[in-house]
Amino acid sequence: MNDIIRKIEAEQLKENVPQFNVGDTVKVYGKIKEGNRERIQVFEGTVLKKQGGSTRETFTVRKFSNGVGVEKTWPLHSPNVEKVEVVRRGKVRRAKLNYLRNRVGKRAKVKELVK
């Protein structure tokens, strides 16, 4: 039974998944269906967390829209995610950035990773 599930999940994996980590600022190009039309909407923000593995892997992005914090969680291998583009790399020391939810303005920034 597990072999069948693994084969089905392997078919659903995307080949060109970008490498990004927690703390990075990313642009997520998501497909949105409105009636019979489909369009792509860009959601740009900081990656708060990544969890799961293989086809079940998800990531959460947080941004500020009109002074209100907005979070969205996407499955990484979903057909509704057109592409994920890394805008800048962040330097963080933990896996989940839940503390950013309580911060606003400059305090909510993540240091940039300089190589």
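Residues numbered from 1 in each chain as written. Predicted model: local features only at pLDDT ≥ 70, side-chain atom pairs only at ≥ 80, totals over all residues. Heavy atoms only, no water.

Per an unreviewed UniProt entry, the recorded name for the protein is Large ribosomal subunit protein bL19, and the organism is Sellimonas intestinalis. A UniProt comment under Function (unreviewed entry) is attached to the protein, and it reads "This protein is located at the 30S-50S ribosomal subunit interface and may play a role in the structure and function of the aminoacyl-tRNA binding site." The protein has a UniProt comment under Sequence similarities (unreviewed entry) that states "Belongs to the bacterial ribosomal protein bL19 family." (UniProt positions renumbered as here; feature names shortened; annotations may be inferred.)

Following the sequence through the fold, P75 ends up in strand β4 (residues 68–75). Spatially, the C-alpha atom of P75 lies 7.9 Å from that of T55, the residues being 20 residues apart in sequence. Not counting the four nearest positions on each side in its chain, P75 is found in contact with E57, T58, F59 and V81. (Helix = DSSP H or I, 4+ residues; strand = E, 2+ residues; numbered from the N terminus. Contact = heavy atoms within 4.5 Å.)

Pairing geometry for strand β1 (residues 25–34) and strand β2 (residues 37–51), over 10 bridges, is antiparallel. When the sheet's bridge partners are listed, G30 is paired in β2 with Q41. The antiparallel pairing of β1 with β2 creates a hairpin that spans two residues between the two strands, and G35 there sits at a positive phi of about 70 degrees. Pairing between β1 and strand β5 (residues 81–88): six bridges, direction antiparallel. Looking across to β5, one finds that T25 is bridged to R88. (Pairing = 2+ DSSP bridges.)

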